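Structural characterization, general
Here is what each chain is made of, one letter per residue.
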Amino acid sequence: MPHEESRAGQDEPTIRLDRWDATWPDDDPHANFKSDVVLYGKLDPLVTLRGMSANLDIPVGALARYVLARWATGGSGGLLEVGPVMVHRLWEPIAEAERLDSDSERLRAYHQLREMLAWLKLPLDDPSVYPAQYDGPGHDDPDDPEGTPG
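Now for a quick tour of the structure. This structure is a prediction, so every number in the text was calculated from the model and none was measured. (Residues numbered from 1 in each chain as written. Predicted model: local features only at pLDDT ≥ 70, side-chain atom pairs only at ≥ 80, totals over all residues. Heavy atoms only, no water.)

Moving on, we get to the overall build of the chain. A tally of regular secondary structure across the chain gives 6 helices and 0 strands. When its helices and strands are written in sequence order, the chain yields α-α-α-α-α-α. Within the span of the chain, comprising 150 residues, buried residues form 14% of the whole. Nonlocal contacts in the chain, meaning residues at least 24 apart in sequence, comprise 30% of its contacts between residues at least 6 apart. A total of about 12900 Å² of accessible surface is found on the chain, and carbon and sulfur atoms cover 58% of it. (Helix = DSSP H or I, 4+ residues; strand = E, 2+ residues; numbered from the N terminus. Buried < 20%, exposed > 50% of the residue type's maximum accessible area, 1.4 Å probe, protein only. Contact = heavy atoms within 4.5 Å. Areas by Shrake-Rupley, 256 points an atom, 1.4 Å probe, with all protein chains shown as cover.)

Okay, structure coming up:
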């Protein structure tokens, strides 16, 4: 039996999941996003949420709130993960290329960003690049099944 919806939140906001189909000028700076709204609007997200609700015993409304909040805060969550210093460092080559207004500088900025991201991604691709920092209990030493420190 699916989880019963909470009655405590009678004054919680209610939204209607409208489909949207519109046109916009070719030079609209938000054209890609608007196109996504139209495209994803053709789907019924409640199919997925109802299945999750039944499998996880979480109310559909709670899942919808989670999905919306998670998506809506994704930008700030990404900023927290990367950090403001790194965001500024990653932006510098782009800003310089735009200041110079040159396609060759934009290409140079792309290569610089690629190198910076490769450096950030390295430990994800190869965790062995950084030596273990802790050899306490639970470390993987086959000669020391107790995990006794050094």
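A few words now on the packing of aromatic side chains. Counting across every chain of the model gives 2 aromatic pairs. With a centroid separation of 6.0 Å and an interplanar angle of 15°, the aromatic rings of Trp-20 and Trp-24 are classed as stacked. (Phe/Tyr/Trp six-rings, centres within 6.5 Å; stacked < 30°, edge-to-face > 60°.)

Glancing now at unusual backbone geometry. The backbone of Asp-57 shows a phi angle near 60°, a positive value even though the residue is not glycine. Residue Asp-57 is classed as partly exposed on the basis of its relative accessible area, which comes to 43%. Within the chain, Asp-101 stands out as a residue other than glycine whose phi angle is a positive 50°. Structurally, Asp-101 can be placed in the loop between α5 (84-100) and α6 (103-125). Assessed through its relative accessible area of 57%, Asp-101 is described here as exposed.

All right, on to the packing of helix α2 (residues 45-56) against helix α3 (residues 60-72) then. Packing of α2 against α3 brings their axes to within 9 Å, and their N-to-C directions diverge by 120°. By the angle class used here, α2 and α3 are oblique. The interaxial crossing formed by α2 with α3 has right-handed handedness. Facing Leu-46, Leu-49, Arg-50, Met-52 and Ser-53 of α2, the residues of α3 in contact are Val-60, Leu-63, Ala-64 and Val-67. Of the residues that constitute the contact of α2 with α3, the class distribution is 7 nonpolar, 1 polar and 1 charged. (Axes fitted to C-alpha atoms, helices over the stretch in contact; angles between N-to-C directions. Parallel < 35°, antiparallel > 145°, perpendicular 65-115°, else oblique. Left-handed = near helix turned anticlockwise from the far one by under 90°. Nonpolar A, V, L, I, M, F, W, Y, C, P; charged D, E, K, R; others polar.)

Function-wise, these values are silent; they only describe arrangement.
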